[in-house]
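Observations on the model geometry
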Amino acid sequence: MRKKLLAVIIFALCFGSAAYAEVLGTQSGGWSTYMGASTYFYNVQFTSDSVGNQNEYYVEYTPNEEAVPVVVNGSSIWGTRTIKQAEDYMEENGLRSIAGINADYFSFTTGIPMGYTIIDGEIVSKEYGGQDAVGFRADGTGFIKWLDIQTTVSDGERSVEVMYINKWCQAGFDPIYLLNDKFGTSTKTQSECIFVMCTPKEGRLHVDESMTLTVDDVFIYNGAIEIPDGKMVFVMDTSGQSDLYDFLSRCYAGQELTVTNTAVGDDGTWATAENAVSSVGGRLVSNGVANTDFEAGAAPRTAIGIKENGNIIFYTLDGRQSGYSYGAQLKTLANRMVELGCVDAINLDGGGSTTISALFPGTDDYMVVNSPSDGYLRSVANFIFLKDNRTQTNIPWIVTLKESSNNNYLSGMSAKIDIESAYDTANYKMEEPYNVQYRVETDTQSTVDGSGYVYLNGTGDVNVTLYGDAGDVATRTYSVFETPEEIKIYNQADWKEVLEIYTEANEELQLNLSAASYVNGIELQGNNRMYTWEVEGNIGTVTEDGIFTLADTVNEDGKIKVTAGSCTVEIPVHISDYPGTPNPFYDTEGHWAKDIISNMAAAGIVSGMEEDGQTVFKPDNNMTRAEFASMIANYAQLDLSQYTGAELDFADADNIPQWAAAAVEAVSDAGIMLGKSDDNGNTLFAPYDNITRAEAMAILGRLLPENDDLPTLPFADADDIPQWAREDIQRLYSVGIVSGYEDNTILPNNNITRAESAAMLYKLQGLG
């Protein structure tokens, strides 16, 4: 996840602290990113001589209507949830978050917050007495003040206090509780209580407002009762205060009650709060002055503060993790909030509860950014989120391009810029068309069209910028060369380098050659038509696609010349009048497969390699799967030009050597040569694995016509033949291509040598 995070912060600053820092130590690193909706996310890293490393994560938000702070408790006050579960709850209810932190302290037994909670203007949890709290208005502005709500219920003649709203009525407790369906599905009571079930009539549970209720029923019950949707219930233990019990016991069905909530000593500010949460953790900063009257003890911390300009800081500091982050005392946290510019701040629930998450630009999934000290996400009571009010704009903002392993090109080539993903200015994932335009930034001969095809010409770096209505969104750089440092020629039959060609006179020979250019050892992207192909001498012809056709002549020498820019490579060609097929390989003299290998080389199906200045075939070496694919592609006369640059559908495609890539794609597409499954269910090609005799015979068998009348295999080790290869081997045996060894074995699971491979294919060729 952290790798993903670094990947998406494509416009992050090297370090993103918004204020000078020294409270937590010497600043040693960090990053920041713009989240949209006037919101920035910061990570600041410190090193301290006294405590070691520290890591803080916080959001700075400028109030605006595109995103507003909200308090999220989940579907009920009772119980806890992780920040991931709270995000899921938001999504289920059509809400979208930009970032969020954990909020109030809570009971580990019930999950009920220890303070006040206001959500969408409604008091959903009320404590007895006052606490410091943070409130958020509908326009996103916030304030921190003392909050003390006095709640009363009146029958028109007398009024009594309701001490708690949506708190747990425990056995032996004296006061009246008011519960509604936000508390949970039942009252959770465990003793004999009096219940007054009511239906809301007018008004709401809002600060400095009243609401009327109609009594449905009054009864006593020992245990918990259901709280129906939309209902409210007054409850108290029957052993509670007699005057309160008397009030509830006198209620009757059809009676009208009035509930009033008043912010004690307030000037009307709390009536403007749409969302709020208080904290028993105390006030950290008042009027720009840090409160240092706290007990000692370092821990992870969560806090919220408001700056003089009205910006809101949602703050977390990791702790209790040696070498990563120590944590801080509350007085240190207070000083840090002042250092960040806060004039007011309160402490929220810290320790293992400290969590901060975000939906970063260019991503679909929320992620927890900090490292909770428990090692896992703790379930807590509630959270403060920045609710994203933006809608889709379809204006590109963050565009990720598909990875390109090689952006070095030969002049004259074209490249396609492919978009991996695009997100609009509201961070919604876009579908094609992406509304992206392209321009070439550098002064070269290169151009780009509206579909993202770049036509690369000249020499130098070519910067192509993608942009939209919101400005530039991505850039790709290509290095282009008119003249390479080196050109190499390969035989497409096996993708071995061709240094010299020896062949017999009067032979109808055609070689498919391929050119490749290099600068500093890096291959340039190109194709045969980027080169000039020429022939010197009466040896044959060569096309612009690199197809060399031998002339019908004898005892001729000449050259094939291939040029790009001012760089030229020359391939000597020698046409002899030797009887039979000449042997071009130094190491096959005296080998049992000499004539077979020479014949197959003359046909352009196999080739050797240069070693110590001589051409060798290494007939007794095991053949790899990549080598076998190249040999089969040439034998089957597959048009490899159709597969140049094709994407390989194998999990290990990046491991397939470039000289074999087109051949592998060709034989795979033709269904001749298949992949292999690993233990994880991935399909691999395994290009460097030695190919077994069973694998080779199965592939060769696919080149034969199907035959339903297949013979029984007589080999002593026939039971060792894999089931998937049996029919193909039977087919080869039926036409005499496979006969086994002298001891009547076929050794299907042994590796096959290069000579054996050539011999099998030579026999197959003879059938044609």
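So, here is what we can say about the structure in this document. What you are looking at is a predicted structure, and each value in this text was computed from that prediction instead of being measured.

**So, the sheet that holds strand E17 (residues 256–263)**
Read across the open sheet, the eight strands follow the order E11-E10-E17-E15-E14-E16-E13-E12; overall the sheet is mixed. Strands with a single pairing partner mark the edges of an open sheet, and in this sheet they are strand E11 (159–162) and strand E12 (164–165).

**A closer look at the packing of aromatic side chains**
For the coordinates displayed, the defined rule picks out 20 aromatic pairs. Residues Tyr-164 and Tyr-177 carry aromatic rings whose centres are separated by 5.1 Å and whose planes lie at 25° to one another, so their mutual orientation is stacked. Within this pair, whereas Tyr-164 is found in strand E12, its partner Tyr-177 is found in strand E13 (residues 177–180), the two being separated by 13 residues in sequence. No difference in accessibility class separates Tyr-164 from Tyr-177, as the two residues are buried. An aromatic cluster is present here, built from Tyr-34, Tyr-40, Tyr-42, Tyr-58, Tyr-315 and Trp-397 joined pairwise through their rings. One Lys or Arg, Lys-488, reaches over the ring of Tyr-518 and ends 5.3 Å from the middle of that ring. The ring of Trp-659 has Lys-496 lying over it, and the distance from NZ or CZ to the ring centre is 4.7 Å.

**Notes on unusual backbone geometry**
Trans is the prevailing form of peptide bonds, just as negative phi is the prevailing case for residues other than glycine. The step from Glu-432 to Pro-433 runs through a cis peptide bond, and the omega angle for that step is -5°. Of note, the phi angle at Asn-287 is positive, near 50°, even though the residue is not glycine. Mapping Asn-287 onto the fold places it in the loop between strand E19 (283–286) and strand E20 (289–290). Here Arg-320, not a glycine, exhibits a phi torsion of approximately 60°, which is positive. Note that Arg-320 resides in the loop between strand E22 (312–317) and helix H4 (330–339). With a relative accessible area of 53%, Arg-320 lands in the exposed category.

**Looking at the sheet that holds strand E28 (residues 408–410)**
Read from one edge of the open sheet, four strands run E28-E35-E34-E31, paired in mixed fashion. Of all the strands in the sheet, the pair left with one neighbour each is E28 and strand E31 (437–440). Taking the axes of each pair of neighbouring strands and ignoring which way they run, one obtains an average angle of 35° across the sheet. Pairing between E28 and strand E35 (residues 471–481): three bridges, direction parallel.

Calculation rules
Residues numbered from 1 in each chain as written. Predicted model: local features only at pLDDT ≥ 70, side-chain atom pairs only at ≥ 80, totals over all residues. Heavy atoms only, no water. Pairing = 2+ DSSP bridges. Helix = DSSP H or I, 4+ residues; strand = E, 2+ residues; numbered from the N terminus. Phe/Tyr/Trp six-rings, centres within 6.5 Å; stacked < 30°, edge-to-face > 60°. Buried < 20%, exposed > 50% of the residue type's maximum accessible area, 1.4 Å probe, protein only. Lys NZ or Arg CZ within 6 Å of the ring centre and 35° of its normal. Axes fitted to C-alpha atoms, helices over the stretch in contact; angles between N-to-C directions.

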